[in-house]
Amino acid sequence: GEIYFTEIKKNKTKGWNFHKKNQCLITVPFGKVKFTFAKKIDLKKKVITIGKKNHSMIIVPPGNWFKFESLEKISLVVSTLNNIHSDKETLKLPVKQN
């Protein structure tokens, strides 16, 4: 697979991301991040907040949209894919910044 790190600043949002085939494992070793998940962007959403003070790992199965926002000055998101990243496998849509 593949692992990547994303630094995100407070009140900034990254996403929407969608993996057609890859499962994504996400954790936040530094800071605090709010993740929003949905099967379709315009439908019901689930929100999960994790960070340094409540270490957790989120498993995102393929076929789910997600975005994330830092709730602290700087947060670090670590994401692991079960396969090598491919632009053909991943969809991305912009979100409005706060």
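Quick summary incoming for the structure in this document.

What counts, and where the lines are drawn
Residues numbered from 1 in each chain as written. Predicted model: local features only at pLDDT ≥ 70, side-chain atom pairs only at ≥ 80, totals over all residues. Heavy atoms only, no water. Helix = DSSP H or I, 4+ residues; strand = E, 2+ residues; numbered from the N terminus. Buried < 20%, exposed > 50% of the residue type's maximum accessible area, 1.4 Å probe, protein only. Contact = heavy atoms within 4.5 Å. Areas by Shrake-Rupley, 256 points an atom, 1.4 Å probe, with all protein chains shown as cover. Lys, Arg positive; Asp, Glu negative; His and termini not counted. Charge placed at Lys NZ, Arg CZ, Asp CG, Glu CD. Pairing = 2+ DSSP bridges. Axes fitted to C-alpha atoms, helices over the stretch in contact; angles between N-to-C directions.

**What to know about the overall build of the chain**
In step 1: Check the secondary structure of the chain and you find zero helices and nine strands.
In step 2: Counting helices and strands in the order they occur from the N terminus, the chain gives β-β-β-β-β-β-β-β-β.
In step 3: Counting only residues that meet the buried cut, the chain has 38% of its 98 residues in that class.
In step 4: The contacts of the chain with a sequence gap of at least 6 include a subset with a gap of at least 24, amounting to 80%.
In step 5: Accessible area of the chain: about 6200 Å², with a carbon and sulfur share of 57%.
In step 6: The averaged location of the 7 negative side-chain charges in the chain is 6 Å from the averaged location of its 20 positive side-chain charges.

**Observations regarding the sheet that holds strand S5 (residues 46-51)**
In step 1: Strands sit in the order S5-S4-S7-S2-S9 across an open sheet of five strands; the sheet is antiparallel. Edge strands, defined here as strands with exactly one partner in the open sheet, are S5 and strand S9 (90-92). Neighbour-to-neighbour, the strand axes of the sheet open up by a mean angle of 25°, direction not taken into account.
In step 2: With three bridges joining them, strand S2 (residues 13-19) and S9 adopt antiparallel strand pairing. Considered in S9, the bridge of Phe 18 is made with Leu 91.

**Section: the environment of Lys 92**
In step 1: Note on placement: Lys 92 falls in strand S9.
In step 2: For Lys 92 and Ile 58, which are 34 residues apart along the polypeptide, the C-alpha to C-alpha distance reads 19 Å.
In step 3: In contact with Lys 92, other than residues within four places in its own chain, are Trp 16 and Asn 17.

**Some words on the environment of Asp 87**
In step 1: In this fold, Asp 87 is placed in the loop between strand S8 (74-81) and S9.
In step 2: With 52 residues separating them along the chain, Asp 87 and Phe 35 place their C-alpha atoms 22 Å apart.

Shape descriptors only; they carry no functional weight alone.
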